[in-house]
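Coordinate analysis (summary)
The primary structure of each chain is shown beneath.
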Amino acid sequence: MIPRYLEPCAERFFILLAHQPAVLVRVASTRGSVPREAGAWMAVFAGSAVGTIGGGHLEYQAIARARASLAAPAEAAPALARFALGPSLGQCCGGVVQLSFEPVSARDLPVLAQTLRTGLTPVALFGGGHVGHALAQVLAPLPFLITWIDSRDGVFPDQVPARVVCEHSGPVQSAVASLAPRSRVLIMSFSHAEDLEVVAACLKRQREQADLPYVGLIGSKTKWATFRRRLEARGFSAEELAHITCPIGVPGITGKEPEVIAVSVAAQLLQTLTA
């Protein structure tokens, strides 16, 4: 069974690996300017490859080395190789990449499932409206593990992308207490009243645990001004309220279409990963 939290290329890797061996090539370490970061990977099979370590001649040589290993399974063993990204590889990055080569087969699936999950950031998406639907699609191939939450029945599609788990919660704000630590929270329910309660629950959790690095609320500056007054009346300080991002999305992107908002918000979430 393929775990639902895997990204699409990892899911394809698992499906192929269930039937044929591969060599898992990973970026073990880097120095200087390089095309991919440590942890990037690709799986090389006899007739195909899944994922990427940056393309170019580096990837070409890595695939050739991996396939040579597949052709001589008796001699195959985990190995490390150093590649200088200079004239000899026809790449002008100038950095150095160390790649690991690991023969894998179907028996390694349980370990790989946990390994490839590493690095996914939990996102709590409150609201199954048009923007919520667009966001679920846009976030699906990105390094996030998404819990999609709504108080209403029948709002989620029958099929959702990989790494998206749908959850009914009534009242909706009760789901905040069980969010994974370090979750990024997006609030866009069908109701301003629900939005306010989720924001308040997030602020309370942040006060007690300080483990929600990003809490974003969809809406205008006018909406946030109204929310701010109501939250101040509940005893939240200006410093606590400064933790809420509203409006959400990358400044300068002004389109109101759900797909445009989704792309802008996804970009802002990616920025939080390096903050």
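A brief structural summary. The residue count restarts for each chain, going from 1 along the sequence in the order it is written. Per-residue local features of the predicted model are confined to residues with pLDDT of at least 70, and side-chain atom pairs are confined, for both listing and counting, to 80 or more; whole-chain, interface and lining totals are unaffected and use all residues. The side-chain figures draw on all heavy atoms in the structure; neither hydrogens nor water molecules are used.

Considerations on the overall build of the protein chain
- A helix here means a DSSP run of H or I that spans at least four residues, while a strand means a run of E at least two residues long, and both kinds are numbered starting from the N terminus. If you tally the helices and strands in the protein chain, you get eight helices and 11 strands.
- Summary of the burial criterion: residues with accessible area below 20% of their type's maximum are buried, those above 50% are exposed, and those between are partly exposed, where the area comes from a 1.4 Å probe applied to protein chains only. Within the span of the protein chain, comprising 275 residues, buried residues form 43% of the whole.

So, the nonpolar core
- By nonpolar core we mean a set of buried residues, namely Ala, Val, Leu, Ile, Met, Phe, Trp, Tyr and Cys, connected to one another through side-chain atoms within 4.5 Å. In this structure, Phe 126, Val 185, Ile 187, Cys 202, Leu 217, Trp 224 and Leu 231 are the most contacted members of the largest nonpolar core, which totals 25 residues.
- Per-element accounting of this core gives the leading share, six residues, to helix α5 (residues 192-209).
- It only takes one pair of heavy atoms within 4.5 Å for two residues to be counted as in contact. Ignoring any residue separated from it by four or fewer positions in sequence, one finds Val 185 in contact with Ala 124, Phe 126, Leu 179, Cys 202, Leu 212, Tyr 214, Val 215 and Gly 216.
- Counting residues in each nonpolar core, the second largest holds 20 residues, with Leu 186, Ile 248, Ala 262 and Val 265 among its members.

Some remarks on the pattern of salt bridges
- Criterion for a salt bridge: a side-chain nitrogen of Lys or Arg within 4 Å of a carboxyl oxygen of Asp or Glu. Under the defined criterion, the tally for this structure stands at seven salt bridges.
- Arg 26 serves as the salt-bridge partner of Glu 102, at 2.9 Å between the closest nitrogen and oxygen. Here the residue Glu 102 occupies a position in strand β5 (residues 96-104), and Arg 26 occupies one in strand β1 (residues 22-31), the gap between them amounting to 76 residues.
- With its nearest N and O atoms 2.9 Å apart, the salt bridge here joins Arg 152 to Asp 150.
- Judged by its relative accessible area of 29%, Arg 152 is partly exposed.
- You can call Asp 150 buried: its relative accessible area is 1%.

A look at unusual backbone geometry
- Cis geometry is adopted by the peptide bond preceding Pro 171, which originates at Gly 170 and carries an omega value of -5°.
- Relative to the helices and strands, Pro 171 resides in the loop between β8 (164-168) and β9 (184-187).
- In the segment running from Cys 246 into Pro 247, the intervening peptide bond is cis, with an omega of 0°.
- Inspection of the secondary structure puts Pro 247 in the loop between β11 (244-245) and α8 (258-272).

Details of the packing of aromatic side chains
- Within 6.5 Å between ring centres, the rings of Phe, Tyr and Trp (the latter by its six-membered ring) count as paired, and their orientation is classed by plane angle as stacked under 30 degrees, edge-to-face over 60, tilted in between. If you walk through the whole model with that rule in mind, you get four aromatic pairs.
- Measuring from centroid to centroid gives 5.9 Å for Phe 13 and Phe 14, while their planes differ by 85°, and the two rings are edge-to-face. Comparing Phe 13 with Phe 14 shows no difference in burial state: the two are buried.
- With a centroid separation of 6.1 Å and 65° between ring planes, the pair formed by Phe 13 and Phe 45 is classed as edge-to-face. Taken as a pair, Phe 13 in helix α1 (residues 8-17) and Phe 45 in the loop between β2 (41-44) and β3 (49-51) lie far apart in primary sequence, 32 residues in all. Pair check on accessibility: Phe 13 and Phe 45 agree, each one buried.
- Pairwise contacts between aromatic rings join Phe 13, Phe 14, Trp 41 and Phe 45 into one cluster.
- Over a ring means this: the NZ of a Lys or the CZ of an Arg is within 6 Å of the ring centre and within 35 degrees of the ring normal. Taking the ring centre of Phe 101 as reference, the NZ or CZ of Arg 65 above it sits at 5.0 Å.

Focus on the layout of surface pockets
- The way it works is a 1 Å grid over only the protein atoms, where trapped points that fit a 1.4 Å probe form a cavity and open points with protein on both sides within 12 Å along at least five of seven lines form a pocket, and then any residue with an atom within 4 Å of a point lines it. Grid points are joined across faces, edges and corners, and a volume is the space filled by probe spheres set on the points. Space inside the second largest pocket adds up to approximately 330 Å³.
- In this structure, the second largest pocket is lined by 16 residues; those nearest its centre are Pro 247, Ile 248, Ile 253, Gly 255 and Lys 256.
- Three categories are distinguished: nonpolar for Ala, Val, Leu, Ile, Met, Phe, Trp, Tyr, Cys and Pro, charged for Asp, Glu, Lys and Arg, and polar for the others, with Gly belonging to the last. Across the lining of the second largest pocket, the residue classes tally to eight nonpolar, seven polar and one charged.

Here we look at the packing of helix α4 (residues 130-139) against α8
- Note on method: axes are straight lines fitted to C-alpha atoms, helices fitted across the in-contact stretch only, with angles between N-to-C directions ranging 0 to 180 degrees. Put simply, α4 and α8 touch, their axes get as near as 8 Å, and they point 50° apart. Viewed along their axes, α4 and α8 adopt a mutual orientation that is oblique. Remark: the crossing between α4 and α8 carries right-handed chirality. Facing α4, whose interface residues are His 130, Val 131, Ala 134, Leu 135, Val 138 and Leu 139, α8 presents Pro 258, Glu 259, Ile 261, Ala 262, Val 263, Val 265, Ala 266 and Leu 269.
- For the contact of α4 with α8, the residue count by class is 12 nonpolar, one polar and one charged. When an angle is under 35 degrees it counts as roughly parallel; over 145 it counts as roughly antiparallel; between 65 and 115 it counts as roughly perpendicular; any other value is oblique. It is the rotation of the near helix from the far one that decides the hand of a crossing: anticlockwise by less than a right angle makes it left-handed, clockwise makes it right-handed.

So, the sheet that holds β1
- Pairing between two strands is assigned when DSSP locates at least 2 bridges connecting them. Sheet architecture is open: five strands sit in the order β3-β2-β1-β5-β4, paired in antiparallel fashion. In this open sheet, the two edge strands, each paired with only one partner strand, are β3 and β4 (79-84). The average undirected angle you get between the axes of adjacent strands in this sheet is 25°.
- With six bridges joining them, β4 and β5 adopt antiparallel strand pairing. Its bridge partner lying in β5, Ala 79 is registered against Phe 101.

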